[in-house]
Amino acid sequence: MPLRRGIRSIAGAVAIVATTAAAPAAAQEQPPAAGRAAILEQAQTEKASALRPYEPDKVEDILNRVEKVLVRGMHLHPFFVSAYSGGGFTIGAGYLRHVSAYNTLDLRGSYTFSGYKRLEAEFVAPRLFNRRGAMTVTGGWREATQVGFYGLGTENTSANDRSNYAFDQPYGSATVDFWPARKLLLMRGGLELSTWNTAPGGGTAKSVDEVYTAATLPGLGAAPTYLHSAATIALDSRPAPGYARRGSFFGVTYHDFHDQGGQFGFNRLDYEATQHVPIFKETWVLSLHARTELAVGANGQAVPYFMLPALGGGSNLRGFPSWRFRDLNSLLLQAEWRVIGSRLVDMALFYDAGRVAARRQDLTSAPLKSDYGVGFRLHGRVATPLRIEIAHSNEGFRLVFSSKAPF
Amino acid sequence: MRLAPAIFVALAAVLAGQPATQRFFADDPLAREPESQDASGALAADVGLFYDIAFDLFATSRRDSAGVRARNANTIDEVPDSSWFTNRILARPIPLDELARGPNTGPAPNPERWVFVREKSVGASPGFTATDASGETWFLTFDPPAHAEAATGAMVVASKFFWALGYNQVETFITTVDPRRLTIDPAATMRRPNGKKTPVRESDLDAIFERAARNADGTYRAAAGRMLKGKVLGPFRYEGTRPDDPNDVIDHEHRRELRALRVFGAWTNLTDLKSGNTIDTLVTVNGRSVVRHYLQDVGSTFGIGANGPHDWDEGFEYLYQGIASRKRLLTLGLALSPWQTADYPDYPSIGRFESDKFDPLTWKPHAPTTGYMEMQPDDAFWAARRVAAFDDASIRAMVHAGQYSDPAAEAYLATTMMRRRDKIARAYLGAVNPIVNPRLSAGGDLTFDNAAVAAGAGTAPAGYHSEWRQFDNRSGETRPLGVARGTGPLLNAPRPLPSNPGDFVEIDAWSDGTSPARLHFRRTADGWTLVGLDRRAAAPTTATPTAERRRQ
């Protein structure tokens, strides 16, 4: 490294000067002509003839580049969001650029080894209404080739009942977040237009059309086009949604899925509550999460099977496969006992429970399906870029990899 | 990361007086490092935050100390004045009003009106650069919303402490900013996320004030740092030297004042020791350009950081400390670390700062600097003497300068500083031979003080031992003069000492249980002058005292 070489050469010069300055004096047995300051001055004179600007070594240069990317954001960036939950390991990339001082446009795509694909463009305006609002506009297309369907209900289904369906979906949406007081109270409204083109599923399981008929499974073979509107009101006191050790989120969201064909329209009401309780100087954090989704057909229309509330997967019932349980209503309860290892590393013991039911009153009338497990997270102050968990349920073990917090 | 062998040879020869032949020069002990060359060619260079922290956290923390004496310590174990350091505390009595004034020499800002001229370029705390009603430029920093007076108080108080300790400090005042009397310089711009600079708007100021503690009258308390004179060159590095500064010939990690930040940082809980909080400036002194080195931002002290109180483990662990993290994770958090049982009183203006669990020997910054890793016992002793030199009144005077509105908070901060001071004295003053201020009378009476005893960090030893030798400064050879013992800090020469000007005597002095300090005195026309003091001296050369020590 150039710096070290420079230091050595200067140090060598100083050494020579120091020793030679003393030796003649000793030999002649005369009082030393040079003083301590003179030695330093000589070294400074020597160095003055070899000055150069500072040059970072390779390690510093690389880390400086990393910082530049982290601070200014990556134009070319990884993208790990699959087309749909359950697609397996995902690879993807995006290209983000600012289109104005704060607004960004991101073009991105992902692919999973099971053939799920997503291509989309997202425009984000993070500073609207005098920093009280943000808008996200997204348009794209995605395809999922083997989404699991295990039947309706909780107890009367089995992991062995899996069948698969596929769909592809063009979509366009706009969402506006509004914080009237810039914190705590959140109001969100969104509009989405999309078409769900369902098709027979691939993969090793039977295709859903081999097991069900349109009469026994509402929505089989359908391709509804939805105008989906949603409105949320919430109180959010978490320091950041992506990583929090304290604070809470309490929110209600109303969805209206209006089927342009008039067959599969429905409404859904979501209630969600999250509370993080730091214990003993954040040695531990008790994190609790509850969510219920209540769907009902609009004006006698049916809720298609692929739009039903569902449980199972890496962020809810983690010991079960994605989409393991589906029905008109779902209830999810989660608790985590998080151990704070450091400002960068956490682990968590977790317990998830939930069930789905056709009737709301049945959500709590029978035992919940549950799992437990342990997880490891790398995190910063506002995000959890890596979460690895192993969960166990009565259906076995499941390994979870994720790039976001579970709740 | 081992330094080149040449540097050991070189630096040993420079200040500490260890050449193969002549030991002491006529100008020993050096009182000031010379700056003989013009440094006007020094260029501004930054130190990346990511590199700064990541390298220290994962590379410097694994560094093996070279185990060498500080290279800028002079022959009597002191640090000469330099562009880095000025001897203040211990070197002279400092009146309380001067301590309270600290580095401030000019007038305080005139807050009648402010003009925003520039956004903050570094640091996470809310703030900006502005000119006051007198047209002077200041760097303004505000308090986090839930911790009024905390960040501003810490910046001001810490600047007093570090100035008194000897470091170059920015003049820092408490002031107020009234947004109603704040205007924006039409030329002021702000860098946006897209990388472009655009004019500053009122909403930009709103965003800054939103993150700051607001007074009841709508104003904001701020710490105002006066703009430094000279050309700003960016941070200094804790390792190596500036390749563009001809006067910078001593590796920074072997500068005692930078090593000593391990002790001073522990005392004040200055956890954010990164290079980014330092700054070099190019100034003109006696018609020559020289680089002056500042600890620019000492605001992350006591219990407060840029945006709120210190994290619970600050001062106890690095940002990431593998062993402690693994221990906590593997025991599900049941293996408690000291910070977890620390009691932090609820003073929002102080933050998380305490003295009961504080251990100077295990204190840690966010990430260790090379100076932190290279600190030797004699460096720590040197630093601890300075810490111990602040009496209670001095500490109260400097803390009072923080203008805390809660007297209880101010008292708590002062008391905690006193308790931490006492712990530092106990930890370090007895760890090496604590003999200080040795004097040798013309008649041969050696007197000295015991720093540990003087600071109340140790009890007076039962007795002192000494070995006396005539010393040939040209050859380094010695001739025994005898041994002497005493019950107190007075040892009489065992026989008449040489009396010709230019003669030297070498004395190893120690008390029971300590290793010897090696003293050198030079005979002058007026008597004996101390020219050498080394607390890392080898064992005595004669058998008798050693045998005595073994028996004891």
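Reading the values: rules and limits
Residues numbered from 1 in each chain as written. Chains lettered and ligands numbered in written order. Predicted model: local features only at pLDDT ≥ 70, side-chain atom pairs only at ≥ 80, totals over all residues. Helix = DSSP H or I, 4+ residues; strand = E, 2+ residues; numbered from the N terminus. Rg over C-alpha atoms; globule rule 2.2 N^0.38 Å. Buried ≥ 20, exposed ≤ 12 C-beta atoms within 10 Å, placed from the backbone. Pairing = 2+ DSSP bridges. Axes fitted to C-alpha atoms, helices over the stretch in contact; angles between N-to-C directions. Core = buried A, V, L, I, M, F, W, Y, C linked by C-beta atoms within 7 Å. Contact = placed C-beta atoms within 7 Å. Domains from an automatic or database assignment. Parallel < 35°, antiparallel > 145°, perpendicular 65-115°, else oblique. Left-handed = near helix turned anticlockwise from the far one by under 90°. Nonpolar A, V, L, I, M, F, W, Y, C, P; charged D, E, K, R; others polar. Expected span 1.5 Å × (residues − 1). pLDDT = per-residue confidence, 0-100.

Attention shifts here to the overall build of chain B. Looking only at helices and strands, chain B has 14 helices and 19 strands in total. The C-alpha radius of gyration of chain B comes to 25 Å, within 12% of the 24 Å expected for a compact globule of 552 residues. Along the first, second and third principal axes, the C-alpha set of chain B runs to 80 × 60 × 45 Å. Looking at chain B as a whole, 53% of its 552 residues qualify as buried.

Further remarks concern the overall build of chain A. A tally of helices and strands in chain A yields 4 helices and 20 strands. Relative to its length of 407 residues, chain A is extended, with a C-alpha radius of gyration of 30 Å against a globular reference of 22 Å. C-alpha extents for chain A along the principal axes are approximately 115 × 50 × 45 Å.

Turning next to unusual backbone geometry. With an omega dihedral of -5°, the bond running from D28 of chain B to P29 of chain B counts as a cis peptide bond. Relative to the helices and strands, P29 of chain B is located in the loop between α1 (5–14) and α2 (49–58). Here K281 of chain A, not a glycine, exhibits a phi torsion of approximately 55°, which is positive. Mapped onto the elements, K281 of chain A comes out in the loop between β12 (266–279) and β13 (284–297). Classification of K281 of chain A by C-beta neighbours within 10 Å gives partly exposed; the count is 18. Of note in the backbone geometry, Q403 of chain B takes a positive phi value of approximately 50° without being a glycine.

So, about the sheet that holds strand β14 (residues 464–471) of chain B. Residues and elements named next belong to chain B. Strand order in this open sheet of 5 strands is β15-β14-β17-β18-β19, and the pairing throughout is antiparallel. Bordering the open sheet on either side are β15 (478–486) and β19 (527–534), each of which pairs with just one other strand. Strand-to-strand twist in this sheet, taken as the mean axis angle between neighbours without regard to direction, amounts to 25°. Bridge count between strand β18 (residues 517–524) and β19: 7 bridges; the pairing is antiparallel. Paired with R522 across the bridge in β19 is T529.

Before going further, it helps to spend a moment on the nonpolar core. In summary, soluble globular proteins display a tendency toward joint burial of nonpolar side chains. L140, V263, A384, V387, L429 and A509 of chain B are the most contacted members of the largest nonpolar core, which has 118 residues in total. Of all the elements, helix α4 (residues 150–165) of chain B adds the most residues to this core, at 12 residues. Sequence-distant contacts of V387 of chain B, that is, excluding residues within four places in its chain, are made with V263, W267, R421, I424 and A425 of chain B. Counting 35 residues, the second largest nonpolar core, distinct from the first, contains Y226, F264, Y305 and W323 of chain A.

Quick look at the domain arrangement of chain A now. Its domain assignment divides chain A into domain 1 (2–56) and domain 2 (124–402). Between the C-alpha centres of domain 1 of chain A and domain 2 of chain A the distance comes to 70 Å.

All names here are of chain B. Considered domain by domain, chain B is made up of domain 1 (5–101 + 232–428), domain 2 (114–230) and domain 3 (435–551). Relative placement of domain 1 and domain 3: their C-alpha centres are 31 Å apart. The interface of domain 1 with domain 3 comprises 17 residues on the first partner and 17 residues on the second. Of all elements in the fold, only α10 (377–388) and α12 (407–428) reach the threshold of two or more residues within the side of domain 1 that touches domain 3. At 4 residues, the largest contribution of residues to the side of domain 1 that touches domain 3 is made by α10.

What follows concerns the sheet that holds strand β9 (residues 231–234) of chain B. Residue and element names in this part refer to chain B. Pairing is antiparallel in the open sheet, where 3 strands are placed in the order β9-β10-β11. Of all the strands in the sheet, just β9 and β11 (288–295) have a single pairing partner and so form its edges. Neighbour-to-neighbour, the strand axes of the sheet open up by a mean angle of 30°, direction not taken into account. In terms of strand pairing, β9 meets strand β10 (residues 278–285) through 3 bridges, oriented antiparallel.

Each turn of an α-helix holds 3.6 residues, which means side chains three or four residues apart point in the same direction. Every buried residue of α2 of chain B is accounted for by Y51, D52, I53, A54, F55 and D56 of chain B. In this fold, the buried residues of α2 of chain B make contact with α3 (58–72) of chain A.

Moving on: the packing of α3 of chain A against α2 of chain B. At their nearest, the axes of α3 of chain A and α2 of chain B sit 7 Å apart, and the two run at 125° to each other. By the angle class used here, α3 of chain A and α2 of chain B are oblique. α2 of chain B is crossed by α3 of chain A, and the crossing has right-handed handedness. Contacts from V59, E60, L63, N64, V66, E67 and L70 of chain A of α3 of chain A reach α2 of chain B at L49, F50, Y51, A54 and F55 of chain B. Class assignment of the residues belonging to the contact of α3 of chain A with α2 of chain B gives a composition of 9 nonpolar, 1 polar and 2 charged.

Residue and element names in this part refer to chain B. Over its 12 residues, α10 runs 16 Å from end to end, which matches the ideal 16 Å to within 8%, given 1.5 Å per residue. Buried residues dominate α10, accounting for 11 of its 12 residues. Residues of α10 that are buried in the fold lie against α4, α6 (256–259), α7 (261–268), α12, β12 (435–440) and α13 (451–454).

Turning our eyes to something else, we now look at the environment of G225 of chain B. All names here are of chain B. Secondary-structure assignment places G225 in strand β8 (residues 220–226). Separated by 11 residues in the primary sequence, G225 and R214 place their C-alpha atoms 20 Å from one another. With residues up to four places along the chain from it excluded, the contact list for G225 reads W138, F139, V170, E171 and T172.

With that out of the way, let us pick up the packing of α10 of chain B against α12 of chain B. Residues and elements named next belong to chain B. Interaxial distance between α10 and α12 falls to 9 Å at its minimum, and their mutual angle equals 150°. Here α10 runs over α12; the crossing is left-handed. From α10, A380, F381, A384, V387 and A388 reach across to α12, where they touch R421, I424, A425 and Y428. Taken together, the residues that form the contact of α10 with α12 break down as 8 nonpolar, no polar and 1 charged.

All names here are of chain B. Overall, the predicted model of chain B reaches an average pLDDT of 92, with 93% of residues at or above 70. Counting contacts from residues 1–9, a segment whose pLDDT is below 50, to residues more than four positions away or on other chains yields 17 contacts. Across residues 539–552, where pLDDT falls below 50, the model places 16 contacts with residues more than four positions away in sequence or in other chains. Interface confidence in the predicted complex, given as ipTM, is 0.91; pTM for the same model is 0.89.

A separate point is the pairing of strand β1 (residues 114–119) of chain B. Residues and elements named next belong to chain B. As judged from the 3 bridges shared by β1 and strand β5 (residues 182–184), these two strands associate in the parallel manner. For F116, the partnering residue across the bridge sits in β5 and is I184. Note: β1 against strand β2 (residues 127–131), 4 bridges, orientation antiparallel. Bridge pairing in β2 links F116 to A130.

Here we come to the environment of L413 of chain B. Residues and elements named next belong to chain B. Take L413: it is sitting in helix α12. C-beta crowding within 10 Å serves as the criterion here: with 27 such atoms nearby, L413 is assigned to the buried category. Contact partners of L413, with chain neighbours within four places excluded, come to F302, I350 and V399.

This next bit is on the confidence of the model for chain A. Here chain A averages 91 in pLDDT, and 92% of its residues register 70 or above. For the stretch residues 1–33 of chain A, pLDDT sits under 50, and the model shows 64 contacts to residues farther than four places along the chain or on other chains.

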